[in-house]
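Coordinate analysis (summary)
Spelled out from the first residue to the last, the chains are:
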Amino acid sequence: MVGLLLRIIACIFVFGLVIFIHELGHFATAKLSGIKVNEFAIGMGPVLFSRKRGDTTYALRLVPVGGFVSMEGEDEESEDERSFTRAPVSRRILVIVAGGVMNLVLGFCVLVALVSAQPAITSRTVAQFSENAATQRSGLQVGDEIIAVNGRRCFIADDLVYEFVRTQDGTADLTVVRDGKKVELEDVQFDTQPLDDEGNQSIVIDFKVLPIEKTPVSVLKEAALWTCSLARLVFLSLVDLVTGRVAVSTLSGPVGVVTVISEAVGYGWQSLGMVVALITVNLGVFNLMPFPALDGGKLFLLLVEAVRRKPIPEKYEIWINTAGFALLIALMLFATFNDVARLF
């Protein structure tokens, strides 16, 4: 019973923290830009608690998924001089991007804590090989720093693992730095493991890498690179979905996220922290994509307005946002169906 309660609290905490930081970015930037904020809400649905201070109502709502910052004139006509639409386009752009940026900042801060807790930072420099290593026979050497796999740049050790997992035929093209010079190693061979129950084949990483001494600079650098790596992972995952490399049935929604958070609680705070970093960075990046109904869609329309020096007609903007919102709801329902199907 205690374990279940702890998992529920963890799920609410993670969702609440990620959403709060996102909406706080919009809220603080709007206030600093002189835009009137009517409501700052965490959660959706019926109001559980609210308090009004100044022009703004601060509310906690029933459903702990989502939140919003309601700005004067954002979705309706307003004659108020402090309305969103009357603010300079540059300020409106800052308000829109602030939410996603704050999510990336949160991810970076969590990763700083995770890197600080590690005994050492994992490098990409080969330290030693296993006995009769296939990669060594293919030309990889001790002291080589692997900087790219199959043409894709790798910034941290996790990038290497991710790219090796994507390697399907047991070979990979590696770019390494050897004695200060860039060297291309084509068709580096890896030993492979037998097919699993789902018919997937994995490679054997037959070498170990050097540790990097932890210093304040190295910790901050590793956390920053890790944040960039997680952000890039969002785009790579979308590419894999579009190209069919990953089945659409693997797409997860809120139910899947809750399941992952619940499982992470059982492994300790570091696993939970990694899940928080992954979720908040994913939200920050995905929300800034130029998709209607997301902040990125609003940002795109504001950039068009900045170039045209006049806003897009309201009827077109409403149509674009409505269509995008409908597609977003359909995608969420599909992902939730996948989650429920996997549970049973």
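The structure presented is a predicted model; accordingly, all values stated were derived computationally and were not measured.

Things to note about the overall build of the chain
- Within the chain, the secondary structure is distributed over nine helices and eight strands.
- Burial statistics for the chain: of 344 residues in total, 38% are counted as buried.
- Long-range pairs, those at least 24 residues apart, make up 64% of the contacts in the chain with a sequence separation of at least 6.

Details of helix H5 (residues 216-243)
- An ideal rise of 1.5 Å per residue puts 40 Å on 28 residues; H5 measures up with 40 Å between its terminal C-alpha atoms.
- Among all positions of H5, only Ser218, Val219, Glu222, Ala223, Trp226, Thr227, Ser229, Leu230, Ala231, Val234, Leu236 and Asp240 are buried.

Re helix H8 (residues 295-308)
- Helix length check: H8 (14 residues) gives 20 Å between terminal C-alpha atoms against 20 Å at 1.5 Å per residue, within 8%.
- Of all the residues in H8, the buried ones are Asp295, Gly296, Gly297, Leu299, Leu301, Leu302 and Glu305.
- Arg309 sits one or two residues past H8 and shows a positive phi near 65 degrees.

Examining a nonpolar patch on the surface
- A surface patch of nonpolar side chains, amounting to about 610 Å² of accessible area, comprises Met44, Leu48, Phe49, Leu60, Leu62, Val63 and Val65.
- At the level of elements, strand E1 (37-53) and strand E2 (56-71) are the ones that each hand at least two residues to the nonpolar patch.
- Of all the elements, E2 adds the most residues to the nonpolar patch, at four residues.
- Relative to the helices and strands, Phe49 is located in strand E1.
- The exposure class assigned to Phe49 is partly exposed, which follows from its relative accessible area of 47%.

Concerning the packing of H5 against helix H7 (residues 269-287)
- Where H5 meets H7, the closest approach of the two axes is 9 Å, and the angle between their N-to-C directions is 60 degrees. Judged on the interaxial angle alone, H7 and H5 are oblique. Crossing hand, H5 versus H7: right-handed. Contact residues: H5 offers Trp226, Thr227, Leu230, Ala231, Leu233, Val234 and Phe235, while H7 offers Met274, Ala277, Leu278, Val281, Asn282 and Val285.

A few points about the nonpolar core
- Counting 23 residues, the largest nonpolar core has Val110, Leu111, Trp226, Leu230 and Val285 as the members making the most contacts within it.
- Those residues in contact with Val110 that lie beyond four places of it in its chain are Gly273, Val276 and Ala277.
- Ile35, Val95, Val97 and Leu299 belong to the second-largest nonpolar core, a separate cluster that totals 18 residues.

Quick look at the confidence of the model for the chain
- Per-residue pLDDT for the chain has a mean of 84; in total, 85% of the residues score no lower than 70.
- Model confidence for the chain, summarised as mean pLDDT per element, is weakest for helix H6 (residues 254-265) at 63 and strongest for helix H2 (residues 89-117) at 95.

Some details on unusual backbone geometry
- Backbone geometry places Asn150, a non-glycine residue, at a positive phi of 55 degrees.
- Relative to the assigned elements, Asn150 resides in the loop between strand E4 (145-149) and strand E5 (152-153).
- For Asp187, which is not a glycine, the phi torsion comes out positive at approximately 55 degrees.
- Taking the relative accessible area as the measure of exposure, Asp187 reaches 52% and is therefore exposed.

What to know about the packing of aromatic side chains
- Across all of its chains, the model carries seven aromatic pairs by this definition.
- Their ring planes at 65 degrees and their centres at 6.4 Å tell us that Phe129 and Phe207 sit as a pair that is edge-to-face. With Phe129 in strand E3 (residues 121-129) and Phe207 in strand E8 (residues 207-212), this pair connects stretches of sequence that are 78 residues apart. The residues Phe129 and Phe207 share a single accessibility class, namely buried.
- An aromatic cluster is built from Phe20, Phe27, Phe40 and Tyr58, whose rings are joined through pairwise contacts.

Let's talk about the side chain of Ser33
- Checked against the element boundaries, Ser33 lands in the loop between helix H1 (2-32) and E1.
- For Ser33, a relative accessible area of 11% gives the class buried.
- Looking at Ser33, its side chain comes within polar contact range of the main-chain oxygen of Thr29, at 2.7 Å.
- Discounting residues that sit within four places of it in the chain, Ser33 has contacts with Arg91 and Val95.

Cut-off values and rules
Residues numbered from 1 in each chain as written. Predicted model: local features only at pLDDT ≥ 70, side-chain atom pairs only at ≥ 80, totals over all residues. Heavy atoms only, no water. Helix = DSSP H or I, 4+ residues; strand = E, 2+ residues; numbered from the N terminus. Buried < 20%, exposed > 50% of the residue type's maximum accessible area, 1.4 Å probe, protein only. Contact = heavy atoms within 4.5 Å. Expected span 1.5 Å × (residues − 1). Patch = residues over 30% accessible without salt bridge, like charges linked within 9 Å, V, L, I, M, F, W, Y side chains within 5 Å. Areas by Shrake-Rupley, 256 points an atom, 1.4 Å probe, with all protein chains shown as cover. Salt bridge = Lys/Arg side-chain N within 4 Å of Asp/Glu carboxyl O. Axes fitted to C-alpha atoms, helices over the stretch in contact; angles between N-to-C directions. Parallel < 35°, antiparallel > 145°, perpendicular 65-115°, else oblique. Left-handed = near helix turned anticlockwise from the far one by under 90°. Core = buried A, V, L, I, M, F, W, Y, C linked by side-chain atoms within 4.5 Å. pLDDT = per-residue confidence, 0-100. Phe/Tyr/Trp six-rings, centres within 6.5 Å; stacked < 30°, edge-to-face > 60°. Polar contact = N/O pair within 3.5 Å; in protein donor to acceptor, adjacent residues only side chain to side chain.

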